[in-house]
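The chain contents come next:
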Amino acid sequence: MAETATTQEKEYGSGSSDDSGSQNPVIYERPTGIKGIYAHPVTQVTMLGVVCFMCPGLFNALNGLGAGGQVDTKTSANSNAALYATFAISAFFAGSINNRLGSRLTLLLGSSGYALYIGSYLAMNIHPGAGGFVIAAGAILGICAGLLWTAQGSLMLSYPTESQKGRFISIFWTIFNLGGVVGASVSLGLNYKSNANSVGNSTYIAFLILTLIGSTIPFLMVDPQKMIRTDGTKVTSPRHPSWKVEIYGLWVAVRDDPLIIMLFPMFLASNWFYTWQFNAYNAVLFDIRGRSLNNLVYWIAQIIGSLIIGFLLDQKKISRRVRAFSGWGVCFLMVWVVHIWAYFYQKDYTRASVLTDPKITIESSGYAAYIWLYFLCGILDSMWQITAYWIMGAMSNDPAKLAHFAGLYKSIQSAGAAGIWAGDGAKVPFMNIFVSTWVLLVVGLLFALPMLYLRVKETTGLADETLARMDDSGKIASVEETKGISAQSEKA
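For clarity, every value in this text was computed on a predicted model and none was experimentally measured.

(A) Representation of the overall build of the chain in the model. Across its full length, the chain holds 18 helices and 0 strands. Counting across all 492 residues of the chain, residues that qualify as buried make up 60%. Of the roughly 17700 Å² of accessible surface on the chain, 68% is carried by carbon and sulfur atoms.

What follows is the structure, encoded as structure tokens:
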């Protein structure tokens, strides 16, 4: 049988690690043939990536144009502020919702809001007075996005073994950002000969169709309860206890792993920079062709950056702690390179000057330097996000705990994004947005550094997995009790 246990030790879903042989979980026989390929963790993470390719990937492509492809950035900024405000609230509780409903259903519910959001921009293109609909659609999408990204984080971080996490995150991030690449390519092709400064209906319709297709993919994914990792360990499924116990589990996850708080500034910064990149740089300086080409290059850079940092974070020849500090160092270097370069552009324009200055086109002198900067912005974004996910993955292998961590990550990330998008909607000076972005990125890394030193270990043991030892009533068993219960159940 595909799920026959071959050892007598406690199985708690940790996954083995090439970094340590200290854990002896139950080993299951993986399915073979077509079923084995379909139920392979790489296949399932690939399908997860396709969901995000079609939904948030195309959302990113639209946002990456600046102003959602429109001329006026105010409606887009206010919609994003509403989106991230509800996103922050939704994501805070989404870990509990995910553990209660299951990751597949949570992913399905989360993917449903993206078509509405893209459709709202189509409506505004047809009816220019529909700005209120765009803002409302943004608020609804925020609720859905909190669910989608929490389910995504739980699945992506729990399917690989410890030594595969960087690779799996990179696989997901590459496919996810192909959505941005494809979306940007469609936009560039449809708008290349346009003299307007906004995208046409055909762009929005193409995005809408793809997003609707993407929202059906969770139906086709394997039930996480049936997933077996490549090393034969079984993925622990959340037990679906009461809502009260799930909310308590969120508290336990933070209480028993308080160093996660040291990552909160890094989480806060992780979407903050989009406002400057998309609206205060790409949207205001370039015509629609330039914006579209910049957008394409940005999402290609995301893929390249994800492959580079994923390769570094999964190097088996160096210890996990060294990899953690190496990833931190690469991010720190990139923050300074990008923002020193960007400063020399930002100091030369303001909100007032861009109203009269001619737009930069792809034929303009010096355009190549501008697009290279945007390329590096994409590299930095992917490296930052993957490093943050990898650090969380180094703290736990339990899907329930990872769902709570992913929810906190997206909640704090979205709270920051809501604030800075609201600032852009209120016409905060571009330089203020730029400086706040630079400072917050540096502060986020400085706070994360002692956390890496104190918390990241060579492997994650049962002692670290409090939620895996918590029963449906909320009682937490000791490591010894858990092993004893497991031994008795195996003999039975």
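(B) Representation of helix α16 (residues 399-425). In this model α16 runs 37 Å from its N-terminal to its C-terminal C-alpha over 27 residues, within 8% of the 39 Å that 1.5 Å per residue would give. Of all 27 residues making up α16, 24 are buried, and the element is well covered by its neighbours. Trailing α16 by a residue or two, Lys-427 shows a phi angle of about 65°, which is positive.

(C) Main features of the packing of helix α12 (residues 273-285) against helix α15 (residues 367-395). At a closest axis distance of 12 Å, the pairing of α12 and α15 adopts a crossing angle of 160°. If you check the angle between α12 and α15, you find them roughly antiparallel. When you trace α12 past α15, the crossing you get is left-handed. For the pair α12 and α15, contact is made by Phe-273, Tyr-274, Gln-277, Phe-278, Tyr-281, Asn-282 and Leu-285 and by Tyr-370, Leu-373, Tyr-374, Cys-377, Asp-381 and Gln-385, respectively. Split by residue class, the contact of α12 with α15 holds 9 nonpolar, 3 polar and 1 charged.

(D) Molecular detail of the packing of α15 against helix α17 (residues 430-455). Between α15 and α17, the shortest axis-to-axis distance is 12 Å and the interhelical angle comes to 25°. Considering their axes alone, α15 and α17 lie roughly parallel with respect to each other. Crossing angle aside, the handedness with which α15 passes α17 is left-handed. On the side of α15, the interface is formed by Leu-380, Trp-384, Ile-391 and Met-395, while α17 contributes Leu-441, Leu-445, Met-451, Leu-452 and Arg-455. Looking at the contact of α15 with α17 residue by residue, the classes come out as 8 nonpolar, no polar and 1 charged.

(E) Representation of the environment of Ile-97. Along the chain, the position of Ile-97 falls in helix α4 (residues 73-101). For Ile-97, a relative accessible area of 23% corresponds to the partly exposed category.

(F) Spotlight on the nonpolar core. With 131 residues, the main nonpolar core has Trp-149, Phe-172, Leu-263, Tyr-281, Leu-285 and Tyr-389 as its most contacted residues. Top element by residues in this core is α15. It accounts for 20 residues. Once residues lying within four places of it in the same chain are set aside, the contact partners of Phe-172 are Val-45, Leu-48, Gly-49, Cys-52, Trp-149, Gln-152 and Met-156.

(G) Broad picture of the pattern of salt bridges. Across all of its chains, the model carries 6 salt bridges by this definition. Between Arg-255 and Asp-256 there is a salt bridge, with its nearest N and O atoms 2.7 Å apart. Here Arg-289 makes a salt bridge to Glu-363, at a shortest N to O gap of 3.1 Å. Pair noted here: Arg-289 is in helix α13 (residues 288-313) and Glu-363 is in the loop between α14 (320-346) and α15, with a separation of 74 residues, a long-range link. Look at Arg-289 and you get buried, because its relative accessible area is 17%. Classification of Glu-363 by relative accessible area gives exposed; the value is 53%.

(H) How the structure looks around unusual backbone geometry. Notably, Lys-427 is not glycine yet its phi reads approximately 65°, a positive angle. With a relative accessible area of 40%, Lys-427 lands in the partly exposed category.

(I) The packing of aromatic side chains, seen in detail. Applying the stated criterion across every chain, the model contains 36 aromatic pairs. Note on Tyr-121 and Tyr-204: the rings are 6.1 Å apart at their centroids and 10° apart in plane angle, and the pair reads as stacked. In this pair, Tyr-121 sits in helix α6 (residues 113-126) while Tyr-204 sits in helix α9 (residues 201-214), placing the two residues 83 residues apart along the sequence. By the burial criterion, Tyr-121 is buried, and Tyr-204 matches it. Between Lys-234 and the ring centre of Tyr-28, over which it is positioned, the NZ or CZ distance is 5.5 Å. Between Lys-410 and the ring centre of Trp-149, over which it is positioned, the NZ or CZ distance is 4.4 Å.

(J) Region of interest: the side chain of Gln-277. The residue Gln-277 is located in helix α12 in this model. Among the polar contacts listed, one links the side chain of Gln-277 to the side chain of Tyr-298, at a separation of 2.6 Å. In contact with Gln-277, not counting residues within four places along its chain, are Asn-282, Tyr-298, Tyr-374 and Cys-377.

(K) The arrangement of the environment of Arg-100 in detail. In this structure, Arg-100 sits in helix α4. Taking relative accessible area as the criterion, Arg-100 reaches 30% and is therefore assigned partly exposed.

(L) Main features of a nonpolar patch on the surface. Taken together, the side chains of Ile-89, Phe-92, Phe-93 and Ile-247 define a hydrophobic patch exposed on the protein surface, amounting to about 370 Å² of accessible area. Among the structural elements, Phe-93 can be located in helix α4. Assessed through its relative accessible area of 38%, Phe-93 is described here as partly exposed.

(M) Layout of the side chain of Gln-302. Its location among the elements puts Gln-302 in helix α13. Ignoring anything within four residues of it in the chain, the contact list for Gln-302 reads Trp-173, Asn-177, Tyr-274, Gly-378, Asp-381 and Ser-382.

(N) Spatial organisation of the confidence of the model for the chain. Across the chain, the average pLDDT comes to 85, with 85% of residues at 70 or higher. Element-level mean pLDDT values for the chain span from 55 in helix α18 (residues 479-491) up to 97 in α14. Throughout residues 1-14 the model reports pLDDT below 50, and contacts reaching past four residues in sequence, or to other chains, amount to 53 contacts. The low-confidence segment residues 16-23 (pLDDT under 50) makes 18 contacts with residues lying over four places distant or belonging to another chain.

What counts and what doesn't
Residues numbered from 1 in each chain as written. Predicted model: local features only at pLDDT ≥ 70, side-chain atom pairs only at ≥ 80, totals over all residues. Heavy atoms only, no water. Helix = DSSP H or I, 4+ residues; strand = E, 2+ residues; numbered from the N terminus. Buried < 20%, exposed > 50% of the residue type's maximum accessible area, 1.4 Å probe, protein only. Areas by Shrake-Rupley, 256 points an atom, 1.4 Å probe, with all protein chains shown as cover. Expected span 1.5 Å × (residues − 1). Axes fitted to C-alpha atoms, helices over the stretch in contact; angles between N-to-C directions. Parallel < 35°, antiparallel > 145°, perpendicular 65-115°, else oblique. Left-handed = near helix turned anticlockwise from the far one by under 90°. Contact = heavy atoms within 4.5 Å. Nonpolar A, V, L, I, M, F, W, Y, C, P; charged D, E, K, R; others polar. Core = buried A, V, L, I, M, F, W, Y, C linked by side-chain atoms within 4.5 Å. Salt bridge = Lys/Arg side-chain N within 4 Å of Asp/Glu carboxyl O. Phe/Tyr/Trp six-rings, centres within 6.5 Å; stacked < 30°, edge-to-face > 60°. Lys NZ or Arg CZ within 6 Å of the ring centre and 35° of its normal. Polar contact = N/O pair within 3.5 Å; in protein donor to acceptor, adjacent residues only side chain to side chain. Patch = residues over 30% accessible without salt bridge, like charges linked within 9 Å, V, L, I, M, F, W, Y side chains within 5 Å. pLDDT = per-residue confidence, 0-100.

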